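Examination of the molecular architecture
Given next are the chains, with one letter for each unit.
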Amino acid sequence: MSTTRDRQVGAGYDYQWDVSVLLLLTAVLTPQRRVRGIDEDFDWLGPISGVHLEGDSARDALEDLTFHGVSGRHLHLQIKEREPDGTSRWKKRDEKLIEFMNRAAEYAGVPERRFSFLTNGVYDASVTKLLEAPKALAAYRDAEVAKHFAKHPEQIQSVERYERLGDTVRLRRFLDATELGPDRKPISGVAYLAIHRLYELGVRAPEETYGRLYLRVKDLSIQKGGSLLTVDEVRREILALLELSEADLARRRHVISLIGSLDDPQRAARGQFSLSDIRHGQLFSDEEEFQRAEEMLRRHRRLLVLGHRASGKTVFVGQLGVRAQQAGAFSALWDFENLGIDLPVQASDYLADVAAVANVNGTRPLLVLENVHLNPSAFQMVLTLMSSFPGMELLATARGDGALRAVLSDAQMRELEPATLHLERGASPRGERVLLWHLTQKRKLSGNELRRVYASVSWSDYVGDLIVLDGVLKAYDWASYSLPAWAVHARLQEMLQPMLRESSGADDLLYLLAALGRSGVSLDYRAAARILGRSEDELRRLVLLLSDDGLIVLEAGQSLVRFWHQSIAQLFWELFRIERGELARGARQVLRLEEA
């Protein structure tokens with residue numbers, strides 16, 4: 001639960017200040033980094049010319065935080081905290097929401113204006129549906145808005161403007177509020193994410209520095225009329241507080257903290273494990289396996305973890321990286337599948353930057369490279385350069401060593417052999433051990449109950465793919481000791497329904513993604529637009545909406561999009577085959593397919 005840190009002026013505004021700090025760090029200081037949930041707004045805005053903290057209608061700053069674009073566009077953000085348990089939903093009658101909608105209505109239909117409402121809370125379904133229909137917005141105006149402004153009806157914007165609000169307003173479910181530990185330091189939520197951005201930049205004493213940023217943002221916001229700053233003024237202020245130069249920033253902006261990545265709230269939306277899962281023991285772990293891996297890493301300064309698709313490689317190295325950080329390392333991450341097929345800069349510069357960040361914080365550098373089979377040449381270069389960074393350790397994953405053998409020298413492969421861990425090898429398959437752990441440790445089953453569960457399903461059909469196994473366990477009926485027919489597909493249908501309600505044609509795009517994604521191939525959304533007969537802007541909006549839902553991933557800096565994992569693409573492909581009479585009919589018709 002969020003805990004108020006400010007006992008003076010501004011008490012209760014922690015969420016607003018925290019979000020403002022994170023957005024300034026990201027949008028102004030490191031615009032190549034994205035914040036899930038609002039990146040589509042900044043794409044719309046384009047390059048930033050100025051920032052206004054707090055509202056001042058006389059100076060074109062109408063909400064808590066306004067970003068002015070070089071293009072003349074304005075992004076107005078209202079930031080509100082809600083209890084995160086889902087019991088306190090935003091409803092149509094909420095005063096703060098009514099007032100926000102009425103302010104936005106004044107500019108409804110003006111193409112240079114966008115108003116986004118950011119909250120950690122949940123919107124009631126009646127609220128999310130408002131923006132879908134002009135008539136619903138008009139009815140909202142005549143009911144809830146009219147009641148709220150009963151004493152000042154002249155302040156209510158016209159029906160025509162309310163009917164156009166769908167083009168101007170965005171209602172965003174944003175990051176969780178900050179949670180404080182017993183020492184009153186952030187342990188999760190938006191401030192925790194911002195602090196890890198500071199770690200990535202190699203800022204000394206990141207928590208103390210974040211406190212100074214927070215107080216500066218608060219001071220600028222509570223001034224009468226707020227504070228209007230150019231983008232250069234914001235950069236200078238932030239860099240001074242961070243005690244960094246522009247040169248430092250240029251070198252370190254590509255370094256991504258493994259811990260910060262694991263704390264990304266979108267991971268939960270995708271069904272991926274998170275930092276919280278690791279901390280609270282919610283994931284399968286084998287202490288002997290960890291100790292063996294850590295000993296190999298200490299001895300050889302590198303560890304290559306091999307395993308087939310969905311064998312648990314990412315979870316395993318994530319746990320290892322967190323353990324290493326707890327033992328005094330700085331764990332930096334690059335994922336050749338999810339962050340980019342190439343390193344962000346030359347390999348020598350990248351290793352130097354990771355080492356510099358670790359050095360500033362008095363830690364040893366641990367470089368985590370995921371999916372090196374996708375770029376074995378980059379992996380080879382990193383291995384070659386490791387001798388120039390004697391304190392650095394390397395932790396890498398790959399689906400197999402075939403692609404590596406085609407590029408690495410025989411000497412490099414021989415060096416890797418004693419530093420290679422095969423996840424599938426062991427006394428029993430990893431999937432079987434994960435299943436046993438889930439049943440006995442998470443479900444607390446034993447004796448006859450455990451035997452009954454084992455006898456009820458042919459688990460051997462599922463343990464080879466941990467993502468599929470996870471879906472089966474979630475679909476399993478624990479009351480009747482059975483896996484109902486099509487249970488996994490029913491869960492996928494549940495995931496699809498809200499997307500189909502919110503986004504016309506979502507199933508057509510997902511069909512194309514599944515067709516390619518089950519073979520590990522990404523889709524260019526611009527090509528999808530031509531195939532489906534829709535505009536590129538329309539498809540990009542659809543991609544960003546589905547990305548916010550956590551199901552698909554838009555690859556950094558590209559137009560390529562895919563399911564977040566190949567196994568998920570395969571499951572959806574099977575669903576589309578079964579439901580071919582109901583789902584993706586538009587895509588099938590265009591492709592002239594009678595069946596999958």
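Here the structure is a predicted model, which means the values were calculated and not measured.

Focus: the overall build of the chain
Secondary structure assignment for the chain yields 28 helices and 16 strands. Here the C-alpha atoms of the chain give a radius of gyration of 25 Å, agreeing with the 25 Å that 2.2 N^0.38 yields for 596 residues. Reported as C-alpha extents along the three principal axes, the dimensions of the chain are approximately 75 × 60 × 50 Å. For the chain, buried positions account for 53% of its 596 residues. By sequence separation, contacts in the chain at least 24 residues apart represent 70% of the contacts at least 6 residues apart. Summing over all exposed atoms, the chain offers an accessible surface of approximately 26,600 Å²; the carbon and sulfur share of this is 48%. Within the chain, the 84 negative side-chain charges are centred at a point lying 1 Å from the centre of the 78 positive side-chain charges.

Thoughts on the confidence of the model for the chain
Taken over all residues, the pLDDT of the chain has a mean of 88, while the share at 70 or more is 93%. Model confidence for the chain, summarised as mean pLDDT per element, is weakest for helix α12 (residues 266–270) at 67 and strongest for strand β12 (residues 393–398) at 97. Segment residues 7–11 is flagged for pLDDT under 50; beyond a separation of four residues in sequence, or across chains, it makes six contacts in the model.

Regarding the sheet that holds strand β3 (residues 74–80)
A sheet is described by the order of its strands in space; here six strands give the open sequence β5-β4-β3-β2-β1-β8, paired in mixed fashion. If you trace the sheet from one side to the other, it starts and ends with β5 (169–173) and β8 (227–230), each paired once. This sheet shows a mean twist of 20 degrees between the axes of neighbouring strands, independent of strand direction. When β3 meets strand β4 (residues 113–119), the two strands line up parallel, connected through seven bridges. Each residue of the ladder has a partner; that of L77, found in β4, is S116. Seen against the sheet, helix α3 (residues 95–105) touches β3, β4 and β5 and runs at an angle of roughly 170 degrees to β4.

Here's the deal with the packing of helix α20 (residues 430–442) against helix α22 (residues 466–475)
Where α20 contacts α22, the axes come no closer than 11 Å and their chain directions differ by 25 degrees. Taken together, the axis directions place α20 and α22 in an arrangement best described as roughly parallel. Taken as a pair, α20 and α22 cross one another with a handedness that is right-handed. Judged by residue contacts, G431, V434, L435 and H438 of α20 engage L466, L469 and L473 from α22. Here the contact of α20 with α22 is built from residues that sort into five nonpolar, two polar and no charged.

Side note on unusual backbone geometry
Backbone phi values are negative for most residues with the exception of glycine, while trans is the configuration of most peptide bonds. Even without glycine at this site, K444 takes up a positive phi of about 60 degrees. Locating K444 in the fold gives a position in the loop between α20 and α21 (447–456). Positive phi, close to 55 degrees, is recorded for Y481, a residue that is not glycine. For Y481, the position within the fold is in the loop between α22 and α23 (487–502). Judged by relative accessible area, Y481 falls into the buried class, the value being 18%.

Focus: the packing of aromatic side chains
Aromatic ring pairs are defined here through the distance separating the ring centres and the angle between the ring planes. The full count for this structure, using the stated rule, is 16 aromatic pairs. Arranged with centres 6.3 Å apart and planes meeting at 65 degrees, the rings of F100 and F115 form a pair that is edge-to-face. Here F115 lies in strand β4 and F100 lies in helix α3, a separation of 15 residues in the sequence. Each member of the pair, F100 together with F115, is buried. Summarising the aromatic geometry, the rings of W459 and Y476 are spaced 5.7 Å apart at their centres and angled 40 degrees between planes, so their arrangement reads as tilted. Taken together, the residues W459 in the loop between α21 and α22 and Y476 in the loop between α22 and α23 connect sequence positions 17 residues apart. Judged by relative accessible area, which is 5%, W459 ranks as buried. Members of the aromatic cluster, connected to one another through ring pairs, are W90, F100, Y107, F115, F117 and Y123. One Lys or Arg, R443, reaches over the ring of W478 and ends 4.0 Å from the middle of that ring.

Examining the sheet that holds strand β16 (residues 560–563)
Taken in spatial order, the three strands line up as β14-β16-β15 in an open sheet, and their pairing is antiparallel. Edge positions in the open sheet fall to β14 (523–524) and β15 (552–554), since each of these has one partner strand only. The pairing of β15 with β16 spans three bridges and is antiparallel. Within β16, the position partnered with I552 by the bridge is F563.

Some thoughts on the nonpolar core
Counting residues in each nonpolar core, the largest one holds 60 residues, and the members touching the most others are W459, L509, L510, I552, F563 and F572. The residues contacting L510, other than those within four sequence positions of it, are L496, L546, L551, I552, F563 and F576. Counting residues in hydrophobic clusters, the runner-up holds 49 residues, among them L25, L175, V231 and L244.

Criteria and cut-off values
Per chain, residue numbering runs from 1 following the sequence as it is written. pLDDT decides what is reported in this predicted model: residues at 70 or higher carry local features, side-chain atom pairs at 80 or more are listed and counted, and totals for whole chains, interfaces and linings draw on all residues regardless. Heavy atoms from the whole structure form the basis of all side-chain values; hydrogens and water molecules are not counted. Secondary structure elements are taken from DSSP: a helix is a run of H or I of four residues or more, a strand is a run of E of two residues or more, and numbering for both begins at the N terminus. Each radius of gyration is computed over the set of C-alpha atoms, and the globule rule expresses the reference value as 2.2 Å times the number of residues to the power 0.38. Burial status follows relative accessibility: with a 1.4 Å probe on protein chains alone, a residue under 20% of its type maximum counts as buried, one over 50% as exposed, and anything between as partly exposed. Only heavy atoms matter for contacts: two residues are in contact if any of them lie within 4.5 Å across the pair. Exposure was quantified through the Shrake-Rupley algorithm and a 1.4 Å probe, taking into account, for residues, occlusion by the shown protein chains and nothing else. Just so you know, the count uses Lys and Arg for positive and Asp and Glu for negative, and it drops His and the chain ends. All charge positions are set by atom: Lys at NZ, Arg at CZ, Asp at CG, Glu at CD. The score called pLDDT rates the predictor's confidence residue by residue, from a low of 0 to a high of 100. Strand pairing is defined by DSSP finding a minimum of two bridges between the two strands. Axes here refer to lines fitted to C-alpha atoms; in helices the fit is confined to the stretch in contact. Angles between the N-to-C directions go from 0 to 180 degrees. What sets the label is the angle itself: under 35 degrees gives roughly parallel, over 145 gives roughly antiparallel, 65 to 115 gives roughly perpendicular, and the rest give oblique. The hand of a helix crossing depends on one turn: near helix anticlockwise from the far one by less than a right angle means left-handed, and clockwise means right-handed. All amino acids are sorted into three groups, where Ala, Val, Leu, Ile, Met, Phe, Trp, Tyr, Cys and Pro are nonpolar, Asp, Glu, Lys and Arg are charged, and the leftover types, Gly among them, are polar. A pair of Phe, Tyr and Trp rings is counted when the ring centres sit within 6.5 Å of each other, with Trp represented by its six-membered ring. The angle between the planes then sorts it: under 30 degrees is stacked, over 60 is edge-to-face, the rest tilted. For a ring to carry a charge above it, either NZ of a lysine or CZ of an arginine must fall within 6 Å of the ring centroid while also lying within 35 degrees of the normal to the ring plane. Definition of nonpolar core: a set of buried residues of the types Ala, Val, Leu, Ile, Met, Phe, Trp, Tyr and Cys, connected through side-chain atoms within 4.5 Å.

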